[in-house]
Amino acid sequence: MDTYFRRLGLKPNIILELNHPEGIKRAVRNNSLATITHRVAVQEDLEAGTLSELEPPLPLPTLTYKVVHTRAKPTEHVRAFSRLLRERLGTK
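In this text the structure is predicted, and so the values were computed from the model without any measurement.

Summed over the entire model, instances satisfying the criterion amount to 6 salt bridges. Residue D45 pairs with K25 through a salt bridge whose shortest N-O separation is 3.0 Å. Note that D45 is positioned in helix α3 (residues 39-48) and K25 in helix α2 (residues 21-30), a separation of 20 residues in sequence. Both residues of the pair, D45 and K25, belong to the buried class. The residue R39 makes a salt bridge to E53 at a minimum N-O spacing of 2.8 Å. Of this pair, R39 sits in helix α3 while E53 sits in the loop between α3 and α4 (76-89), and the two are 14 residues apart along the sequence. Residues participating in the shared-partner salt-bridge network are E22, K25, R29 and D45.

Below you can see the structure in the form of structure tokens.
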């Protein structure tokens, strides 16, 4: 995010760092704040009209997630989880 703001020539005034979506949403609703967060965390609020989305001047950075497990032989639970992800995400 630091690189993103530098590209915009901005130095944000960070007054609070929260790491739980409900705390973030509560802070935004009760104060004159803006935040950058995951869409899934605020989708219902956007649809209900309790929060509004701002269009960023440049595309926001994206996150890549990895599914990891121990180096030991995967358990049946790990293999089942992997199958579920492949089925739901349509990957090989």
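Picking up where we left off.
This paragraph deals with the packing of aromatic side chains. The description of two aromatic rings rests on the distance between their centres and on the angle between their planes. Applying the stated rule across the entire model yields 1 aromatic pair. With centroids separated by 5.7 Å and ring planes inclined at 70 degrees, the aromatic side chains of Y4 and F5 adopt a geometry described as edge-to-face.

In this section: α2. Buried within α2 we find I24, K25, A27 and V28. Buried residues of α2, viewed axially, fall in a sector of 160 degrees; they line one side. When the buried face of α2 is taken as reference, the exposed residues oriented beyond 90 degrees from it are R26 and N30. Where the residues of α2 are buried, they touch α3.

Moving on: the environment of V67. With respect to the helices and strands, the residue V67 is situated in the loop between α3 and α4. A sequence separation of 18 residues divides V67 from L85, and the C-alpha atoms of the two residues are 9.6 Å apart. Setting aside residues no more than four positions away along its own chain, V67 makes contact with F81 and L85.

A few words on the packing of α2 against α3. Relative orientation of the contacting elements α2 and α3 amounts to 45 degrees, with a least axis distance of 10 Å. With respect to α3, the axis of α2 lies oblique. The way α2 lies across α3 gives a crossing that is right-handed. Contacts between α2 and α3 involve P21, K25 and R29 from the former and A41, V42 and D45 from the latter. Considering only residue class, the contact of α2 with α3 consists of 3 nonpolar, no polar and 3 charged.

The rules behind each value
Each chain carries its own residue numbering, running from 1 in the direction its sequence is written. Selection of residues for local features in this predicted model requires a pLDDT of at least 70, selection of side-chain atom pairs for listing and counting requires 80 or more, and totals for whole chains, interfaces and linings are taken over all residues. Working from all heavy atoms in the structure, the side-chain values ignore hydrogens and water. The salt bridge criterion pairs a side-chain nitrogen of Lys or Arg with a carboxyl oxygen of Asp or Glu, the two atoms within 4 Å. Elements are defined by DSSP. Helices are runs of H or I of four residues or more, strands are runs of E of two residues or more, and each kind is numbered from the N terminus. Three labels apply to residues, based on accessible area from a 1.4 Å probe with only protein chains included: buried if under 20% of the type maximum, exposed if over 50%, partly exposed otherwise in between. Stacked, tilted and edge-to-face pairs are distinguished by plane angle, under 30 degrees for stacked and over 60 for edge-to-face with tilted covering the rest, among Phe, Tyr and Trp rings (Trp via its six-membered ring) whose centres lie within 6.5 Å. This arc corresponds to the set of directions leading from the helix axis out to the C-beta atoms. We call two residues contacting when some pair of their heavy atoms lies within 4.5 Å. Angles run from 0 to 180 degrees between N-to-C directions of axes, and those axes are lines fitted to C-alpha atoms, restricted for helices to the stretch in contact. When describing relative orientation, an angle under 35 degrees is termed roughly parallel and one over 145 degrees roughly antiparallel, while 65 to 115 degrees is termed roughly perpendicular and anything else oblique. Note: crossing handedness is left-handed where the near helix turns anticlockwise from the far helix by less than a right angle, and right-handed where it turns clockwise. Here the nonpolar group is Ala, Val, Leu, Ile, Met, Phe, Trp, Tyr, Cys and Pro; Asp, Glu, Lys and Arg are the charged ones; every other residue, Gly included, is treated as polar.

Any functional reading would require information beyond the geometric quantities listed.
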